[in-house]
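Below, each chain spelled out in residue letters.
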Amino acid sequence: MSSILSVTQKKLGKPYFDLEFLLTCFKEVLIENGEEKLACYIPWINGKINYNPKDFTEKHIQLYSIAFQLLNMVEENGAVQNRRKVENEALANVNGLWARNLKILKDKGISQKDIATMLPQINVEPVITAHPTEAKRTIVLEHHRQLYLLLVKRENSMYTEMEQREIRREIKLELDRLWRTGEIYVEKPQVQSELDNVLHYLTSVFPEVIPVLDRRLAQAWEEMGFDPELIRTYDKLPKLSFGNWVGGDRDGHPFVTSEVTRETLYLLRLNAFVVIRRKLIELAENLSFNCHLKSAGKPLQKRIAELAEELGRSEDIHKNGNDREVFRFYVNLIMDKLPVEVERGLAVRIHEKPYSYSRSKELIQDLVILRDALHAYGAKSIAAADVKDVIRIVQSLGFHLAHLDIRQNSKFHDKALAQLLDAALMDGSKFLNYTEEERINFIDKELLSPRPFTQPKMKLGAEAEAVVSCYRVVAEHVEKYGTSAIGALIVSMTRNVSDLLLVYLLAREAGLVVQSEEALVCKLPVVPLFETIEDLQLSPEILDKFLSHPFTKRSIEYQRKENDALQGVQQVMIGYSDSNKDGGILASQWNLYSAQSKLAEVGRKHNIKIRFFHGKGGSISRGAGPTQWFIKTLPHSSINGDMRLTEQGETVSQKYANKINATYNLELLLAGTAGFTILHKHTAKKKDKFEKWMEYLAEESKRYYMDLINAKDFIPFFSQATPIDVIEMSKIGSRPSRRTGKRTLSDLRAIPWVFSWSQSRFNITSWYGVGSTLKKFKEEYPEEFEELKKQTQKDTLMRYVLTNIDTSLAATDETIFTAYASLVEDAEVRDNILGKISAELSTTRKMLAQAFDMPFEKRRTHHYYSNILRAEALNDLHYNQIALLKKWRKLKAVQPDSEESNDLLLQLLLTVNGIASALRNTG
């Protein structure tokens, strides 16, 4: 065993003994498969191997990747066990969860009635996206889930020695399966396979977690000494729903066609009924009580008679004891009203019958009748548990499972409208050359008329056909089932108000614009996505103009009435990825914060509730960070009871692959959103004296960052010193790496941009420019720098941002990135850019140490030792990747499609996967 593992075991304890156990099992599996020599390469449990990159094969790389996955697994389980231990002492001891948030509110003097009044107004919606940042195949993730369950099972002290040996045997079998399963996507996955992965979480994880979340709120509520009756019923609880981008997000994704969107909406609806039917079957089994129809109470008797007649089952009431097991019979009648066809006990396809439910609220109304009947019968606890659990699942999933957003780029919309105008003989090229004022004048005039530009069978240009055919699919679905399945029409790269108003014309083309009592309205919300720093700065002005527009006002009011909402809602999406790529970490974080404050003010001016949709990724550069701290540092009064945010790629499996983690991460979102909404409602905003300096720090850091990426040698350095060319050829997602295919930095998506810097351990996207900015700040404003140091000890934005930068710095390795820089062929280019990066790294580390007034080892002990342990094995993978890159690029230049070149690429993709596993993020 390595000395590093031994030290880590002494410092951090049990998880690392679990790691030794799993790696020993893995070693035995390899030896039993005749891989004795290979087994000696397993990191941490063997002596140091004399490493030579030339000796490394695909099997070696896969071995390292699995070792890192096992390390991640034991650390994840260790965090779970630690939370349990802390909670066992007192529920409120764990930061971010229900008990802690309720205690904060109670300590502030906010009454239980005030808290209970606000809870039903809370709406939380994680949105699973199609971004290509999950390096592992779905089947590999399934093996991980099974291994995790076995690891937890092994900890149960009730098992005998013989049973423990059986658990060990099962663990070895699962490791054997994992070893034999290909690690990476050899072929680019289809949208369908990505949707299958999303459906797993929506049907097998989240429905099981929803009742657990309610119980944890109830436990925390009673722990505070609050009256349980205040939150007893489903309509007194916060709302949790889910969103989905797979099959709807088409920004730069040519494979998401209208037919893909049609199939996605169908599968989401079908699987909603699969889940609901499964829960109703369980409920029927739990309600096989001996209760005669005559004793069931008048409302239930009346509803049974109505349903039986409607379904043609009146004669069944007195058959097979149905009138003596009345509750079970009632649930079976409800099940028959679901619009599905059943074969061999399974819902296999949508089948709309004349008597089928059309809306989920109809099913909830029937379940409420059942709940009340059980109350009258005396089974109050069962009504409050079994029936409420089903109601809550229907409330969360509806008949749509997840809201599907339709996203497209503003420039794509411009081309689509121009092509529609051409088809209508109205000169689309003229529209493309309009000023903003001319665009708005044209759109305003068109919005007075309900007539479309074209007829359904007219031949259109590619962009127009793509947008209109998609919107027609959506319109068809809305016509049949209402708007509940659709999230919003999102406009990425929103630059001005005409980008939003233009969508109304595109929606009109497909029948999504209708005549209301007043005038024309859009059935679906149109949502801006502000991504670049410039767009974030302009966003309050753009939103103000949009909300002032008569068509928008009418549409929001129409949507409010359709949704039975108390207040009109305007969703606003803000992008963490492109703003970071645009100006670096400090500029991005401050402009996001500042924009939210101003946008919330715009909402208050128009008496519209702003629902912020946070477009975050899995890395610090793209908005990742501890959920509880993220919510805590959002601007005062900006949360407003709503939390919508993206969950992308590897973060989905990290947060939700097992139900324990899924419960924890969803509770953080629910409890944090509720806690800080209520706190902000009952407290005035305190003026942060340091906020005025954030603008200075943001501008300065952006200037340093831009000096680097605009340097004449930067692009050749980036192209050669990182594995960007490999990442662009990876098969980890169905979406292309570039929006339009142009070989420019601006066209490159933020994900591969961050991914490539992370792989090569530069991580410049999450710290570059910070050190020089802090140094200058200290020199020019020494007293204010002392205030900054105080900020790092408080619950402020500065603490959150600097702590995240600190985490990223810990994963940055100068020795490794210098080795990658050796791949840059031009020595002058290499020395120029590498010199800048190394100097800034040194300055940033020095300034953060001063800001925190404590060495990293003491303030972040777990991170410190975990990073050292990872580095011992990671270095081998890095040097192997560097050697392969050198060889592959040389061969690719002369024989790009040769067998040897393709073999080398496959090995490189394996190293990408292994390093991503070790670092726990991709892009």
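Refer to the preceding data block for the structure.
Overview of the structure. All residue numbers refer to positions counted from 1 along the written sequence of the respective chain. Owing to the predicted nature of the model, reporting of local features is limited to residues with pLDDT of at least 70; listing and counting of side-chain atom pairs is limited to 80 or more, with chain, interface and lining totals taken over all residues. The side-chain values count all of the structure's non-hydrogen atoms but skip hydrogen atoms and water molecules.

1. Focus: the overall build of the protein
- A helix here means a DSSP run of H or I that spans at least four residues, while a strand means a run of E at least two residues long, and both kinds are numbered starting from the N terminus. Across its full length, the protein holds 38 helices and 13 strands.
- For a compact globule of 923 residues, the expected C-alpha radius of gyration is about 29 Å, and the protein comes in at 29 Å, within 12% of that figure.
- When the backbone C-alpha atoms are referred to their principal axes, the protein occupies close to 85 × 80 × 65 Å.
- Relative accessible area decides the class of each residue, using a 1.4 Å probe on protein chains only: under 20% of the type maximum gives buried, over 50% gives exposed, and in between gives partly exposed. For the protein, the proportion of its 923 residues judged to be buried stands at 60%.
- Residue exposure ignores everything except the shown protein chains as possible cover, and the areas themselves are Shrake-Rupley values with a 1.4 Å probe. Total accessible area on the protein stands at roughly 37,300 Å², and carbon and sulfur atoms take up 50% of it. Radius of gyration: over C-alpha atoms. The globule rule applied is 2.2 Å multiplied by the number of residues raised to the 0.38 power.

2. Here's the deal with the environment of Val74
- Residue placement: Val74 occurs in helix H4 (residues 58-89).
- Of the residues examined, Val74 reaches a relative accessible area of 0% and is grouped as buried.
- Sequence separation between Val74 and Glu161 is 87 residues, and the spatial gap between their C-alpha atoms is 22 Å.
- Contact criterion: two residues are considered in contact whenever any of their non-hydrogen atoms come within 4.5 Å of each other. Dropping the residues within four chain positions of it, Val74 is found in contact with Pro15, Asp18, Leu19, Leu22 and Leu151.

3. Comments concerning the pattern of salt bridges
- Each reported salt bridge corresponds to a side-chain nitrogen of Lys or Arg within 4 Å of a carboxyl oxygen of Asp or Glu. In this structure the tally under the stated criterion is 65 salt bridges.
- A salt bridge links Glu208 to Lys279, with the nearest nitrogen and oxygen atoms 2.9 Å apart. Remark: Lys279 occurs in helix H10 (residues 258-286) and Glu208 occurs in helix H9 (residues 191-223); sequence separation between them is 71 residues.
- Overall, Glu208 belongs to the partly exposed group, its relative accessible area being 30%.
- Overall, the relative accessible area of 8% leaves Lys279 in the buried class.

4. Brief notes about the nonpolar core
- The definition of a nonpolar core used throughout is a set of buried Ala, Val, Leu, Ile, Met, Phe, Trp, Tyr and Cys residues joined through side-chain atoms within 4.5 Å. Grouped together as the largest cluster of nonpolar side chains are 243 residues, with contacts concentrated most on Tyr471 and Phe717.
- If sequence neighbours within four positions are ignored, Tyr471 has contacts with Ile406, His413, Leu489, Val503, Leu506, Ala507, Ala510 and Leu512.
- Phe273, Leu300, Phe329 and Leu374 belong to the second largest nonpolar core, which has 46 residues in total.

5. A look at the side chain of Arg554
- With respect to the secondary-structure elements, Arg554 resides in helix H21 (residues 550-562).
- Glu518 provides the closest opposite charge to the buried, unpaired Arg554, separated from it by 5.4 Å.
- Contacts of Arg554, omitting those with residues within four sequence positions, involve Glu518, Ala519, Leu520 and Val521. The charge count treats Lys and Arg as positive and Asp and Glu as negative. His and the chain ends do not count.

6. Re the packing of helix H2 (residues 14-32) against H4
- The geometry of H2 relative to H4 is characterised by a closest axis approach of 9 Å and an angle of 150 degrees between their N-to-C directions. As far as their axial angle goes, H4 and H2 are roughly antiparallel. As for how H2 packs across H4, the hand of that crossing is right-handed. For the pair H2 and H4, the contacting residues are Pro15, Tyr16, Asp18, Leu19, Leu22, Leu23, Phe26 and Leu30 in the first and Leu63, Ile66, Ala67, Leu70, Leu71, Val74, Glu75, Asn77 and Gly78 in the second.
- Residues of the contact of H2 with H4, tallied by class, amount to 13 nonpolar, 2 polar and 2 charged. For every element, the axis is a line fit to its C-alpha atoms; helices are fit only across the contacting stretch, and the angle between N-to-C directions ranges from 0 to 180 degrees. Here roughly perpendicular refers to angles of 65 to 115 degrees, roughly parallel to angles under 35, roughly antiparallel to angles over 145, and oblique to all remaining angles. Handedness of a crossing is defined here by the sense of rotation of the near helix relative to the far one, left-handed for an anticlockwise turn of less than a right angle and right-handed for a clockwise turn. The residue classification treats Ala, Val, Leu, Ile, Met, Phe, Trp, Tyr, Cys and Pro as nonpolar and Asp, Glu, Lys and Arg as charged. All others, Gly included, are polar.

7. Thoughts on the packing of helix H20 (residues 533-548) against helix H22 (residues 576-583)
- At a minimum axis distance of 8 Å, the contact between H20 and H22 shows a crossing angle of 120 degrees. Taken together, the axes of H20 and H22 are oblique relative to one another. Residues Ile533, Glu534 and Leu536 of H20 pack against Ser579, Asp582 and Gly583 of H22.

8. A look at helix H38 (residues 899-919)
- Over its 21 residues, H38 runs 30 Å from end to end, which matches the ideal 30 Å to within 8%, given 1.5 Å per residue.
- Burial analysis of H38 places 16 of its 21 residues in the buried class, which makes it a mostly covered element.
- Trailing H38 by a residue or two, Arg920 shows a phi angle of about 65 degrees, which is positive. How far a helix is expected to stretch is found by multiplying one less than its residue total by 1.5 Å.

9. Remarks on the pairing of strand S13 (residues 642-647)
- In terms of residue burial, S13 counts as a mostly covered element, since 6 of its 6 residues are buried.
- Here S13 shows a buried face lined by Asp642, Arg644 and Thr646 and a second buried face lined by Met643, Leu645 and Glu647.
- With 6 bridges joining them, strand S1 (residues 123-128) and S13 adopt parallel strand pairing. Residue pairing in the sheet places Asn123 in a bridge with Asp642 of S13.
- Direction of pairing for strand S12 (residues 609-615) relative to S13: parallel, over a ladder of 2 bridges. Paired with His614 across the two strands is Leu645, which belongs to S13.
- The β-α-β motif built from S12, the intervening helix H24 (residues 627-632) and the parallel element S13 has right-handed crossover chirality. Pairing between strands requires that DSSP locate at least two bridges from one strand to the other. If you view a crossover with the strands going away from you and the path from the first strand over the helix to the second runs clockwise, you call it right-handed.

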